Amino acid sequence: MTQTRTAPRPTGSRRSPLLEPSGSIKLTARGAVVALFAASLLGLLLAAWTGWTAVADAIFVVTCGVVAYYTRAKGLRVVVVCPPLAFLAGAACAQLITAPDSFSAAELGTATPWLFIGTALTIAIALGRGYRPKVSRPTELPRPTEMPVIGRLIEAARHLIQAAWRLLVSRPRWKDQRIRRR
């Protein structure tokens, strides 16, 4: 009989984050987005066919938690942003599949609280796993007139405003001509 021993853990070693998955399953950012979309679509289709709207909302919230937990650390930025977009895409596809004639935005309105809960859960799990957003501050922003497209737009808007101001300030000439003719 063979026994294996593991080396004792050094006392000063760094511990992994509390919410780190213990298994070998790790999702990439793309896999997480696809899983969120698929779960949203399937949940909304199930809700449309059975009439149980709470099931679709619960599936979405649970999937947000699972995806945030099992995504690789470098893909957490995408996972934090994508739940509302994946839900919207899933809802649009489900409406195209199930709606007889038109898109109903009322169903999106009833799922809004669950959408916020799922997004907040995703952010909380990502922060618990060690995700910290990187905020970079630009050293110096270019002036809008130095940018070619924006500079031209600003100039065009300035000319348009000046022309409109000239029309508003100047008296209408046709009134002057009527007065002179009488």
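Everything numeric here is computed off the predicted structure, so don't read it as measured data.

Conventions used here
Residues numbered from 1 in each chain as written. Predicted model: local features only at pLDDT ≥ 70, side-chain atom pairs only at ≥ 80, totals over all residues. Heavy atoms only, no water. Axes fitted to C-alpha atoms, helices over the stretch in contact; angles between N-to-C directions. Helix = DSSP H or I, 4+ residues; strand = E, 2+ residues; numbered from the N terminus. Left-handed = near helix turned anticlockwise from the far one by under 90°. Nonpolar A, V, L, I, M, F, W, Y, C, P; charged D, E, K, R; others polar. Expected span 1.5 Å × (residues − 1). Bend = angle between axes of the 7 residues up to and from the residue. Buried < 20%, exposed > 50% of the residue type's maximum accessible area, 1.4 Å probe, protein only. Phe/Tyr/Trp six-rings, centres within 6.5 Å; stacked < 30°, edge-to-face > 60°. Core = buried A, V, L, I, M, F, W, Y, C linked by side-chain atoms within 4.5 Å. Contact = heavy atoms within 4.5 Å.

K.L.:
Please clarify how the packing of helix α1 (residues 29-50) against helix α3 (residues 76-98) should be interpreted in this entry.
P.N.:
A pair of packed helices can be characterised by two numbers: the angle between their axes and the separation between those axes. α3 packs onto α1 with a crossing angle of 35° between their chain directions and a minimal axis gap of 8 Å. As for how α1 packs across α3, the hand of that crossing is right-handed. When its residues are assigned to classes, the contact of α1 with α3 shows 21 nonpolar, three polar and no charged.

K.L.:
Is there a simple way to think about α3 in this case?
P.N.:
One turn of the α-helix equals 3.6 residues, which is why residues spaced by three or four share an orientation. The end-to-end C-alpha separation of α3 is 32 Å, in line with the 33 Å expected for 23 residues at 1.5 Å each. Maximal helix bending in α3 amounts to about 55°, located at Cys82; proline Pro83 follows within four positions. The complete set of buried residues in α3 reads Leu76, Val79, Val80, Cys82, Pro83, Ala86, Phe87, Gly90, Ala91, Ala94 and Gln95.

K.L.:
What am I meant to see in the packing of aromatic side chains here?
P.N.:
Working definition: an aromatic ring pair is given by the centre-to-centre distance plus the angle between the planes. By the definition in use, this model includes two aromatic pairs. Relative to Tyr70, the ring of Tyr69 has its centre 4.9 Å away and its plane inclined at 90°; by these criteria the two rings are edge-to-face. Overall, the relative accessible area of 27% leaves Tyr70 in the partly exposed class.

K.L.:
Got a minute to help me understand the nonpolar core in this structure?
P.N.:
A general feature of soluble globular proteins is that nonpolar side chains tend to end up buried together. Counting residues in hydrophobic clusters, the biggest one holds 21 residues, and the most contacted among them are Leu36, Leu44, Phe60, Val67, Val79, Phe87 and Ala94. Of all the elements in the fold, those that place two or more residues in this core are α1, α2 (53-70), α3 and α5 (112-128). Among residues more than four places away in sequence, those in contact with Val79 are Ala32, Val67, Ala68, Thr71 and Thr122.

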